[in-house]
Amino acid sequence: LARARQAINSDRTADARKLLEKFTQELPHDWEGQAMLGQILSSEEDQSFLLWQRSLSSEADSDSRIWLARGLWLEKRGETKCAARCFREAFELEPELITAVSHLGQCIRLNGEPQIAELFSQRAKLLLRVRDLATRIDEQQNLQWAPELVQCLESLGQFWEAWAWANVVSRSAPMDSSWKQQAQRLQRLVNKDLLRTDRTKLPARKLDWNQVPLPNWSEYSFEESTTIAQATKSSIRF
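These remarks concern the structure in this document. (Residues numbered from 1 in each chain as written. Predicted model: local features only at pLDDT ≥ 70, side-chain atom pairs only at ≥ 80, totals over all residues. Heavy atoms only, no water.)

1. Side note on the packing of helix α6 (residues 80-93) against helix α7 (residues 98-110)
Packed helix pairs are characterised by how far apart their axes lie and by the angle those axes make with each other. Where α6 meets α7, the closest approach of the two axes is 9 Å, and the angle between their N-to-C directions is 150 degrees. As far as their axial angle goes, α7 and α6 are roughly antiparallel. Between α6 and α7 lies a crossing of left-handed hand. From α6, T80, A83, A84, F87, R88, A90 and F91 reach across to α7, where they touch A100, V101, H103, L104, C107 and L110. Taken together, the residues of the contact of α6 with α7 break down into ten nonpolar, two polar and one charged. (Axes fitted to C-alpha atoms, helices over the stretch in contact; angles between N-to-C directions. Helix = DSSP H or I, 4+ residues; strand = E, 2+ residues; numbered from the N terminus. Parallel < 35°, antiparallel > 145°, perpendicular 65-115°, else oblique. Left-handed = near helix turned anticlockwise from the far one by under 90°. Contact = heavy atoms within 4.5 Å. Nonpolar A, V, L, I, M, F, W, Y, C, P; charged D, E, K, R; others polar.)

Right, dumping it as structure tokens:
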């Protein structure tokens, strides 16, 4: 699995696919490996993706990245409503999943809801900023980025991490009482039942997603996929 991740990061997709196909044959219920394979197949030929989708058990629905792969495949086909529902399922399971948040915003915009789409686009930007800032803070002298990081995390509803970073800075700068006060304030926002992200801080909570259908995978036939692939090949001339 680690070798497959390394291959993906090095743009050796074919190598990653071979490794993941072998891995998932041996461990079909390892959802991390299945999701990595699904994301690769979502951008390749439809038949391989549909075979992968058909091989999954219902337990796969509990994994955010499985839903992400499904959404990416549907989005590629132009089925933005079903894709949005898949991205939303991924987002509900893992609100920190940047790719799902970003694509959800794009699909909602394409479906004619620019204001709601902007909420998700802004959230995706914040998540990217958090990743960037956390990468910069790799040693003590880079704690200059901590105030913005804590602010972004709090805006996202990731109070546990905001509190943790405030504690890091407070211990690194014991003479600065403001950070101790900041850590104490954030501590009051967390409790043993709080998830990594406070669900009350997620955008568009009142949307009725039941009006957007989940994909019916039985409607997608391998013959249709093959025909589409052949038509695409035969229509391009140089």
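Having seen the structure, we can now continue with the description.
2. Some thoughts on the nonpolar core
Counting 61 residues, the largest nonpolar core has W52, L74 and L104 as the members making the most contacts within it. In contact with W52, not counting residues within four places along its chain, are Q34, L37, G38, L41, I66 and A69. (Core = buried A, V, L, I, M, F, W, Y, C linked by side-chain atoms within 4.5 Å. Buried < 20%, exposed > 50% of the residue type's maximum accessible area, 1.4 Å probe, protein only.)

3. Concerning the environment of E21
By the secondary structure assignment, E21 is in helix α2 (residues 13-26). In this structure the C-alpha to C-alpha distance between E21 and P174, which are 153 residues apart in sequence, comes to 52 Å.

4. As for helix α9 (residues 146-156)
Inspection of α9 places A146, L149, V150, C152, L153 and L156 among the buried residues, and these make up the whole buried set. Across the axial projection of α9, the buried residues extend over an arc of 165 degrees, all falling on one side. Contacts from the buried residues of α9 go to α8 (114-136), α10 (159-172) and α11 (177-187). Directly after α9, the chain includes G157, whose backbone phi takes a positive value near 85 degrees. (Arc of directions from axis to C-beta.)

5. Structural notes on the packing of aromatic side chains
Summed over all chains, the structure comprises eight aromatic pairs. For the pair F49 and W73, a centre-to-centre distance of 4.8 Å together with 10 degrees between the ring planes defines the contact as stacked. Of this pair, F49 sits in helix α4 (residues 46-55) while W73 sits in helix α5 (residues 64-76); the two residues are 24 residues apart in sequence, bridging distant segments of the chain. Summarising the aromatic geometry, the rings of W160 and W163 are spaced 5.8 Å apart at their centres and angled 50 degrees between planes, so their arrangement reads as tilted. (Phe/Tyr/Trp six-rings, centres within 6.5 Å; stacked < 30°, edge-to-face > 60°.)

6. Observations concerning the packing of α2 against helix α3 (residues 31-41)
Closest axis-to-axis distance for the α2/α3 pair is 9 Å, and the angle between their directions is 140 degrees. Our classification of the angle between α2 and α3 gives oblique. As α2 runs across α3, the sense of the crossing is left-handed. Between α2 and α3, the contacting residues are T13, A16, R17, L20, E21, F23 and T24 on the first element and G33, Q34, M36, L37, I40 and L41 on the second. Here the contact of α2 with α3 is composed, by residue class, of seven nonpolar, four polar and two charged.

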